[in-house]
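Coordinate analysis (summary)
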Amino acid sequence: QVQLVESGGELVQAGDSLRLSCKVSGGSFPIYAMGWFRQAPGKEREFVGGISWVGDTNLVDSVKGRFAISRDNAKNTVYLQMNSLKPEDTAVYYCASKQFGGATLMRKYDYWGQGTQVTVSS
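Residues numbered from 1 in each chain as written. Predicted model: local features only at pLDDT ≥ 70, side-chain atom pairs only at ≥ 80, totals over all residues. Heavy atoms only, no water.

Points about the overall build of the protein
When you go through the protein residue by residue, the secondary structure sums to zero helices and eleven strands. For the protein, the succession of helices and strands along the chain, N to C, is β-β-β-β-β-β-β-β-β-β-β. A compact globule built from 122 residues would reach a C-alpha radius of gyration of about 14 Å, and the protein, at 13 Å, matches this within 12%. Principal-axis analysis of the C-alpha atoms places the extent of the protein at approximately 40 × 25 × 25 Å. Considering only contacts in the protein between residues 6 or more positions apart, those separated by 24 or more positions represent 58%. Here the protein has roughly 6,200 Å² of accessible surface; of this, 47% comes from carbon and sulfur atoms. (Helix = DSSP H or I, 4+ residues; strand = E, 2+ residues; numbered from the N terminus. Rg over C-alpha atoms; globule rule 2.2 N^0.38 Å. Contact = heavy atoms within 4.5 Å. Areas by Shrake-Rupley, 256 points an atom, 1.4 Å probe, with all protein chains shown as cover.)

Regarding the side chain of Ser97
Checked against the element boundaries, Ser97 lands in strand β9 (residues 91-99). Not counting the four nearest positions on each side in its chain, Ser97 is found in contact with Val2, Leu4, Tyr32, Ala33, Met34, Tyr109, Asp110 and Tyr111.

Focus on a nonpolar patch on the surface
Side chains of Trp53, Val54 and Phe100 sit close together on the surface and give an oily, nonpolar patch of about 290 Å² of accessible area. Along the chain, the position of Val54 falls in the loop between β5 (46-51) and β6 (57-59). (Patch = residues over 30% accessible without salt bridge, like charges linked within 9 Å, V, L, I, M, F, W, Y side chains within 5 Å. Salt bridge = Lys/Arg side-chain N within 4 Å of Asp/Glu carboxyl O.)

Looking at the state of the cysteines
What the rule picks out here adds up to one disulfide. Between the sulfur atoms of Cys22 and its disulfide mate Cys95 the distance is 1.9 Å. Since a negative S-S torsion denotes a left-handed disulfide, the Cys22-Cys95 link at about 60 degrees is right-handed. Separated by 73 residues along the polypeptide, Cys22 in strand β3 (residues 18-25) and Cys95 in strand β9 bring together distant segments of the chain. Exposure remark for Cys22: the relative accessible area of 0% places this residue in the buried category. (Disulfide = S-S within 2.5 Å. Buried < 20%, exposed > 50% of the residue type's maximum accessible area, 1.4 Å probe, protein only.)

Take a look at the structure:
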């Protein structure tokens, strides 16, 4: 059974930085592509960015230049570094896994974490 556990979310001020972590247990992490999604109150869950099993990354335009994704296969962990946070980044952030290549669609992912809350105050 593959389990994903996110951590690192908290209440911060606009302009601050946060690093979210997603630790994966079970399965074979090195062949997983990992995605980060977020869901703001009253809105649908949306793709934020992802990293393929070989380390290729992509981010949506709204976070490019501010967010970065990385992975540490030795720790079975993927990270979402968030800089210059804005109030509109407030959401529950989820990580998800699938094998090999990255994807932007939720339905392409096999396993999901429980989410971690990020709140950015102005």
